[in-house]
Amino acid sequence: MYTSQIRTKNHDRKNVNTTLSQSLYKEIKLLAKKLDRPANELIEEGMCHVLNQYKNK
């Protein structure tokens with residue numbers, strides 16, 4: 001079986017598919033580049049922020 005040398009398998013993570021506004025995704029990609037972080041990290045951070053915001057209500 002093929003094993004990626006780029007990113008190791010993390011069984012806590014799930015691949016998902018969704019659609020996003022092109023302009024929003026472009027902004028996230030630009031910010032990720034500026035911060036030298038993966039866009040996926042910023043998207044996940046945003047999701048955590050939303051969950052925390054609504055848990056506190």
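Refer to the structure above for everything that follows.
Notes on the structure in this doc start here. Please read these numbers as outputs of a predicted model, since none were measured by experiment.

## Brief notes about the overall build of the chain
Part 1 of the argument: Of regular secondary structure, the chain possesses 2 helices and 0 strands.
Part 2 of the argument: Counting the 57 residues in the chain, one finds 5% classified as buried.
Part 3 of the argument: Looking at the chain as shown, the accessible area adds up to about 6200 Å², and 54% of this sits on carbon and sulfur atoms.

## Examining the pattern of salt bridges
Part 1 of the argument: Taken as a whole and assessed by the stated rule, the structure comprises 3 salt bridges.
Part 2 of the argument: Among the ionic pairs, Glu45 bridges to Arg37, the shortest N-O distance being 2.9 Å.
Part 3 of the argument: For Glu45, a relative accessible area of 44% puts it in the partly exposed group.
Part 4 of the argument: By sharing partners, the salt bridges in this structure join Arg37, Glu41 and Glu45 into a single network.

## Describing the environment of Lys26
Part 1 of the argument: Among the structural elements, Lys26 can be located in helix α1 (residues 22-35).
Part 2 of the argument: Overall, Lys26 belongs to the exposed group, its relative accessible area being 57%.
Part 3 of the argument: On a C-alpha basis, the gap between Lys26 and Ala39 in space is 9.8 Å, while along the polypeptide they are 13 residues apart.

## Quick word on α1
Part 1 of the argument: Between the first and last C-alpha of α1 there are 20 Å, a value that for 14 residues agrees with the 20 Å anticipated at 1.5 Å per step.
Part 2 of the argument: Looking one or two residues past α1, Asp36 carries a phi angle of roughly 55°, positive in sign.

## Details of the packing of α1 against helix α2 (residues 39-55)
Part 1 of the argument: In the contact formed by α1 and α2, the axes pass within 8 Å of each other and the chain directions differ by 115°. In this view, α1 runs roughly perpendicular relative to α2, as classed from their interaxial angle. Between α1 and α2 the crossing geometry is right-handed. From α1, Tyr25, Ile28, Lys29, Leu31, Ala32 and Leu35 reach across to α2, where they touch Ala39, Leu42 and Ile43.

Reading the values: the criteria
Residues numbered from 1 in each chain as written. Predicted model: local features only at pLDDT ≥ 70, side-chain atom pairs only at ≥ 80, totals over all residues. Heavy atoms only, no water. Helix = DSSP H or I, 4+ residues; strand = E, 2+ residues; numbered from the N terminus. Buried < 20%, exposed > 50% of the residue type's maximum accessible area, 1.4 Å probe, protein only. Areas by Shrake-Rupley, 256 points an atom, 1.4 Å probe, with all protein chains shown as cover. Salt bridge = Lys/Arg side-chain N within 4 Å of Asp/Glu carboxyl O. Expected span 1.5 Å × (residues − 1). Axes fitted to C-alpha atoms, helices over the stretch in contact; angles between N-to-C directions. Parallel < 35°, antiparallel > 145°, perpendicular 65-115°, else oblique. Left-handed = near helix turned anticlockwise from the far one by under 90°. Contact = heavy atoms within 4.5 Å.

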